[in-house]
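# Tertiary structure, described
These are the residues of each chain, in order.
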Amino acid sequence: MGVQNLKISTKLFIAPLIFVASLIVLGVVAFVGLKDTQSTMVELHEQDTQKIGAVLRFQRDMQALNGGLFRLISQTNAGLEEQKLIKAREDSLAELGEFIKSFNAFVENGHFMEAEGEMLTKAQAELKNYGFAAADVIEMTELDTSTSVIMMVDTDQQFENLYKTLDEVEVMWEEAGTNSIHDAVSTVDETIVIFAVIATMALLISGAISYVTMRMITKPIAGITSVKPKMAEGDSTVDIGA
C-alpha cells in the first residue's frame, strides 16, 4: 500500500509541476521578447545618435561655408589677384551646391517621425533661402564689394536661422534617444520583477494545493491500511477515520 500511496502522491504533484513548468516557459518566451524590444530601443537610440552626428557635421560645414563668404569678401577688398578670386568664387559656389545637395539627400532618404520631418522641412526651406542669399553675395563680390558686404548681413541672418533650427533638431533627437534607452531598460526591469513575483506566488500556491490534496487523499488510505488486518479478521466495528 505504501507503494500505491507513493504513486498517488506522485500523480498529484505532476499537474502543478506541469503548470509551473509552463509558466516558466512562458516567462522565458516573454523575457526573450522583452530583450528583443530592448535591442530595438537600443538600435533606435543608436540611430538617433547617428542622426545627431550628421546634424553636427552639417553645422560644421555650414560654419565653414559662411566663414568662406566673409573670407571671400575680405580677399576681394584686399585686392587679391583676379584669377585667385575667380577660383575662390567657383570653389565657394561648388561647396554651396554640394552642401545643399547633401542636406536634401539626407532629409529625403532618411526615415523620420512626423515632428522630425516637419522640422527638417523647415530647415530645407531655410537652407534654400540661405543658398540664394549666399550665391548672390558670391556673385556680387565680382561686381561691387561694398554691396556684397551689405548683402552679407542678410545672408548671415539666414545662416543664424538655419543653424538655430538644426540646433532644435539636435535637441529633439537627443531627447528621443535618451527616452528610448530609458524606456527599454525600465520596461524590461519592471517586467522581470513582476514575472519573478508571479512565478514565486504560483509555485507556492501550487505546492500548497498539492500538499493539501495529497493529505486529503492519502490520510483515508492510510486509515484503511491501518485497520485492514482487523477487517480481514472480520471485525466490522473498526473506525477507518477521515
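This structure is a prediction, so every number in the text was calculated from the model and none was measured. Think of each chain on its own: its residues are numbered from 1, step by step along the sequence as written. Side-chain atom pairs in this predicted model are given and counted only at pLDDT of 80 or more, local residue features only at pLDDT of at least 70, and totals for whole chains, interfaces and linings cover all residues. Note: side-chain values were computed over all heavy atoms of the structure, leaving out hydrogens and water.

## What to know about the overall build of the protein
Operational definition: Secondary structure is summarised from DSSP: a helix means a run of H or I of at least four residues, a strand means a run of E of at least two, and numbering begins at the N terminus for each. The classification of residues rests on relative accessible area computed with a 1.4 Å probe and restricted to protein chains. Under 20% of the type maximum is buried, over 50% is exposed, and intermediate values are partly exposed. Residue contacts follow a heavy-atom distance rule, with two residues in contact if any of their heavy atoms lie within 4.5 Å. Computed with a 1.4 Å probe, the accessible areas rest on the Shrake-Rupley method; for each residue, only the protein chains presented here act as cover.
Along the backbone of the protein there are 4 helices and 0 strands. Tracing the protein from N to C terminus, the helices and strands come up as α-α-α-α. Counting across all 242 residues of the protein, residues that qualify as buried make up 31%. In the protein, of all internal contacts separated by at least 6 residues, the share reaching a separation of at least 24 is 78%. A total accessible area of about 15,200 Å² is found for the protein, and carbon and sulfur atoms account for 63% of it.

## Observations regarding the side chain of Thr-141
Operational definition: In the analysis that follows, any N or O atom pair within 3.5 Å is treated as a polar contact, provided that within protein one partner can donate a hydrogen and the other can accept it, and provided that, for residues neighboring in sequence, both atoms belong to side chains.
Within the fold, Thr-141 resides in helix 3 (residues 114–143). Among the polar contacts made by the side chain of Thr-141, one reaches the side chain of Arg-89 at a distance of 3.0 Å.

## Overview of the environment of Gln-158
Here Gln-158 lies in helix 4 (residues 145–232). Classification of Gln-158 by relative accessible area gives buried; the value is 18%. C-alpha separation for the pair Gln-158 and Leu-127, spaced 31 residues apart in sequence, amounts to 8.0 Å. Residues in contact with Gln-158, not counting those within four places in the same chain, are Asn-129, Tyr-130 and Ala-133.

## So, the pattern of salt bridges
Here the idea is simple: oppositely charged side chains can pair when their charged atoms come close. For clarity, the cut-off: Here, a salt bridge means any side-chain nitrogen of Lys or Arg that lies within 4 Å of a carboxyl oxygen of Asp or Glu.
Inspection of the entire model under this criterion finds 4 salt bridges. The partner of Asp-61 in a salt bridge is Arg-60, with the nearest N and O atoms 3.4 Å apart.

## Some details on a nonpolar patch on the surface
As a reminder of what qualifies: Patch membership is restricted to residues that have no salt bridge and whose relative accessible area is over 30%. Joining uses 9 Å for like charges and 5 Å for the nonpolar side chains Val, Leu, Ile, Met, Phe, Trp and Tyr.
A cluster of nonpolar side chains, Val-193, Val-197, Met-201 and Ile-205, forms an exposed patch at the surface whose accessible area comes to about 360 Å². Here Ile-205 is to be found in helix 4.

## Side note on the nonpolar core
Selection criterion: Nine residue types can take part in a nonpolar core, namely buried Ala, Val, Leu, Ile, Met, Phe, Trp, Tyr and Cys, and a core is a set of them joined through side-chain atoms within 4.5 Å.
The biggest cluster of nonpolar side chains holds 32 residues, and the ones touching the most others in it are Phe-58, Met-62, Phe-103, Tyr-130, Leu-166 and Trp-173. Every element with two or more residues in this core is listed here: helix 1 (2–77), helix 2 (82–109), helix 3 and helix 4.

## Regarding the side chain of Glu-126
Where we set the bar: Counted charges follow a simple rule, with Lys and Arg positive, Asp and Glu negative, and His plus the chain ends left uncounted.
Structurally, Glu-126 can be placed in helix 3. Buried charge without a salt bridge: Glu-126, with Lys-122 as the nearest opposite-charge side chain at an N-O distance of 4.3 Å. Those residues within four positions of Glu-126 in sequence are excluded, and the remaining contacts are Asn-161, Leu-162 and Thr-165.

## Quick look at the packing of aromatic side chains
Selection criterion: A pair of aromatic rings is counted whenever rings of Phe, Tyr or Trp (Trp by its six-membered ring) have centres within 6.5 Å, and the orientation is called stacked for planes under 30 degrees apart, edge-to-face for over 60 and tilted otherwise.
According to the stated counting rule, one finds 8 aromatic pairs in the structure shown. Here Phe-58 and Phe-99 contribute two aromatic rings whose centre-to-centre distance is 5.8 Å and whose plane-to-plane angle is 85°, an arrangement assigned as edge-to-face. In this pair, Phe-58 is assigned in helix 1 and Phe-99 in helix 2, connecting sequence segments 41 residues apart. Judged by its relative accessible area of 7%, Phe-58 falls in the buried class. Each member of the aromatic cluster is reached from another via a ring pair, and the members are Phe-58, Phe-99, Phe-103, Phe-106, Phe-112 and Trp-173.

## Quick notes on the packing of helix 2 against helix 3
Here is the rule we go by: Here an angle of 0 to 180 degrees is reported between the N-to-C directions of two axes, which are lines fitted to C-alpha atoms, with helices fitted over the stretch in contact. When an angle is under 35 degrees it counts as roughly parallel; over 145 it counts as roughly antiparallel; between 65 and 115 it counts as roughly perpendicular; any other value is oblique. Polar here means any residue outside two lists: the nonpolar Ala, Val, Leu, Ile, Met, Phe, Trp, Tyr, Cys and Pro, and the charged Asp, Glu, Lys and Arg; Gly therefore counts as polar.
Look at helix 2 against helix 3: their axes get within 10 Å of each other, and the N-to-C directions meet at 170°. Comparing their axes, helix 3 and helix 2 come out roughly antiparallel. Residues Arg-89, Ser-92, Leu-93, Leu-96, Phe-99, Ile-100, Phe-103, Asn-104, Val-107 and Glu-108 of helix 2 form the contact with helix 3, whose own contacting residues are Leu-120, Ala-123, Gln-124, Leu-127, Tyr-130, Gly-131, Ala-134, Ala-135, Ile-138, Thr-141 and Glu-142. Taken together, the residues of the contact of helix 2 with helix 3 break down into 13 nonpolar, 5 polar and 3 charged.

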